[in-house]
Amino acid sequence: MGNADKVKTIAVLTGGGDAPGLNAVIRAVVRTALGQGLKVWGIKNGFGGMVENQLVELTNDSVAGILPRGGTILGTTNRDNPFHYPVVRDGQVIYEDLSGQALANLRQAGIEALVVIGGDGSLKIASEFYQLGLPVVAVPKTIDNDIPGTERTFGFDTAVGVAAEALDRLHTTAESHHRVMVLEVMGRYAGWIALHAGMAGGADCILLPEIPFSIDSVIAKIKERQQHGRQFSLIVIAEGAYPQGGEVSVSRIVEGSHEKIRLGGAGEKLARAIEQLTGVESRCTVLGHVQRGGTPTAFDRILSTRYGVAAAECVLEGAFGNTVALQKDRIIRRPIDDIAGKANNITADNELLRAGRSIGICFGD
Ligand code: F6P
């Protein structure tokens with residue numbers, strides 16, 4: 001495994017929830033690999049397409065014009081895991097290990113190495129395939145920025161920009177109506193989007209999954225502002241934030257997904273509680289998938305391109321079993337196993353969190 005001279009044909013797939021910049025990564029992988037004489041296949045619809053043998057050859061024409069496009073030209077899913085794959089037997093859905101079938105499909109097409117662009121769930125699957133002997137290189141993706149070992153995942157900058165703009169818009173209407181506006185953003189276990197967007201958008205309270213909040217502390221902040229003549233407040237809450245002694249707000253369960261729980265509703269609950277306790281009219285906006293869609297920022301396009309080139313270079317050098325990552329503005333390589341299945345949360349000593357506290361933002365504690 002890992003003899004670069006022998007790798008002539010590779011495949012690339014995108015797995016998990018989409019993120020702005022996926023197409024830019026695909027374009028960079030394809031262009032770099034084709035430039036070195038490799039043949040490149042795209043696997044459609046994530047790891048499900050590997051089991052179902054959904055392959056499409058990628059050429060320079062296939063990736064022309066996709067740099068600024070959101071989504072992924074290959075399609076994706078955050079459900080399918082070849083090691084635990086849904087099949088219907090006697091009218092019943094059961095889960096089987098079809099990793100062997102997935103590997104056989106690649107072998108049959110002459111694919112010798114795989115580039116996986118994905119988040120936590122996809123990295124775990126990539127790591128399992130690597131352990132089975134498939135030469136794999138991974139690119140960390142998620143708007144949540146919660147993958148360890150890298151200072152940034154692509155898509156995060158775009159999501160933060162969208163959320164910050166939403167806050168600017170909520171600011172003017174909050175001020176006109178003397179209301180409390182709550183913005184619920186994505187972030188299940190890590191509040192990076194909430195923290196960065198809240199700082200950029202001038203939020204008065206930022207509530208994170210890492211800091212269970214006290215409703216009293218939020219109310220105290222709203223009242224303090226009122227005493228200073230500010231009759232409105234802006235609150236950003238991550239979907240995974242929860243009150244002290246309480247629980248996260250679950251909106252649905254997605255069977256077959258590696259992370260079955262989908263969160264939602266924390267913002268609405270908070271707005272209702274604030275209205276009840278203060279008498280101030282409060283509204284909640286849930287930004288949801290708007291954060292994941294649309295064109296990537298210039299930063300994300302550049303980061304995605306650097307990641308894609310670096311992943312293709314790993315393949316060309318036979319440096320398999322690695323994830324590309326960003327550290328101190330340099331692209332580095334980290335073993336997938338150092339990263340898959342681990343968390344990247346905001347810690348108490350986080351510089352931006354401390355800066356927020358210094359300028360009087362309430363973090364609910
Ligand atoms: O992990 C990325 C993410 O966008 C989370 O922030 C969010 O909770 C989840 O995916 C939503 O997943 P789905 O696309 O299944 O609704």
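Quick caveat, the model's predicted, so the values are computed rather than measured.

Caption draft 1: Local environment of the site of the ligand. Around the ligand, a shell composed of Asn78, Asp144, Met186, Gly187, Arg188, Glu239, Arg262, His289 and Arg292 is seen. Glu239 is positioned such that a nitrogen or oxygen atom in its side chain is 2.6 Å from an oxygen atom of the ligand. Between Arg292 and the ligand, the recorded distance is 2.8 Å, taken from a side-chain N or O atom to an oxygen atom. Burial of the ligand by the protein amounts to 83% of the accessible area it has alone, namely 400 Å².

Caption draft 2: Local environment of the layout of surface pockets. Empty space within the second largest pocket amounts to approximately 200 Å³. In terms of lining, the second largest pocket is formed by Met199, Gly202, Ala203, Asp204, Lys221, Glu224, Arg225, His228, Arg230, Ile359, Gly360 and Ile361.

Caption draft 3: Region of the structure containing helix α8 (residues 266-278). With 13 residues, α8 extends 18 Å between its outermost C-alpha atoms, agreeing within 8% with the 18 Å of an ideal straight helix rising 1.5 Å per residue. Within α8 the residues assigned to the buried category are Ala266, Gly267, Leu270, Ala271 and Ile274. One side of α8 holds all its buried residues, which, seen down the axis, span an arc of 130°. Turned more than 90 degrees from where α8 packs its buried face, Lys269 and Gln276 sit exposed. In this structure, the buried residues of α8 make contact with β8 (180-185), β9 (205-207), α7 (215-227), β10 (233-238) and β13 (282-286). Backbone geometry just after α8 places Gly279 at a positive phi near 80°.

Caption draft 4: Unusual backbone geometry, seen in detail. Positive phi values are uncommon outside glycine, yet Asn53 reaches one of about 60°. Counting through the fold element by element, Asn53 comes out in the loop between α2 (46-51) and β3 (55-58). Since its relative accessible area comes to 36%, Asn53 is described here as partly exposed. Phi is positive for Asp329, which is not a glycine, with a value near 60°. Checked against the element boundaries, Asp329 lands in the loop between β14 (322-327) and β15 (330-335). What makes Asp329 exposed here is its relative accessible area of 54%.

Caption draft 5: Quick look at the environment of Arg354. In this fold, Arg354 is placed in helix α11 (residues 351-358). Residues Arg354 and Arg334 lie 20 residues apart in sequence; the distance between their C-alpha atoms is 29 Å. In this structure Arg354 touches Ala348 and Asp349, once residues within four positions along its chain are discounted.

Caption draft 6: Geometry of the pairing of β15. In the sheet, β14 pairs with β15 via six bridges, with the strands oriented antiparallel. Paired with Leu326 across the bridge in β15 is Ile331. Linkage of β14 to β15, two consecutive antiparallel strands, is achieved through a turn of two residues, within which Lys328 is found at a positive phi near 50°.

About the cut-offs
Residues numbered from 1 in each chain as written. Predicted model: local features only at pLDDT ≥ 70, side-chain atom pairs only at ≥ 80, totals over all residues. Heavy atoms only, no water. Near = heavy atom within 4 Å. Polar contact = N/O pair within 3.5 Å; in protein donor to acceptor, adjacent residues only side chain to side chain. Areas by Shrake-Rupley, 256 points an atom, 1.4 Å probe, with all protein chains shown as cover. 1 Å grid on protein atoms, 1.4 Å probe; cavity = no way out; pocket = protein on both sides within 12 Å on 5 of 7 lines; lining within 4 Å. Points joined across faces, edges and corners; volume = space filled by probe spheres on them. Helix = DSSP H or I, 4+ residues; strand = E, 2+ residues; numbered from the N terminus. Expected span 1.5 Å × (residues − 1). Buried < 20%, exposed > 50% of the residue type's maximum accessible area, 1.4 Å probe, protein only. Arc of directions from axis to C-beta. Contact = heavy atoms within 4.5 Å. Pairing = 2+ DSSP bridges.

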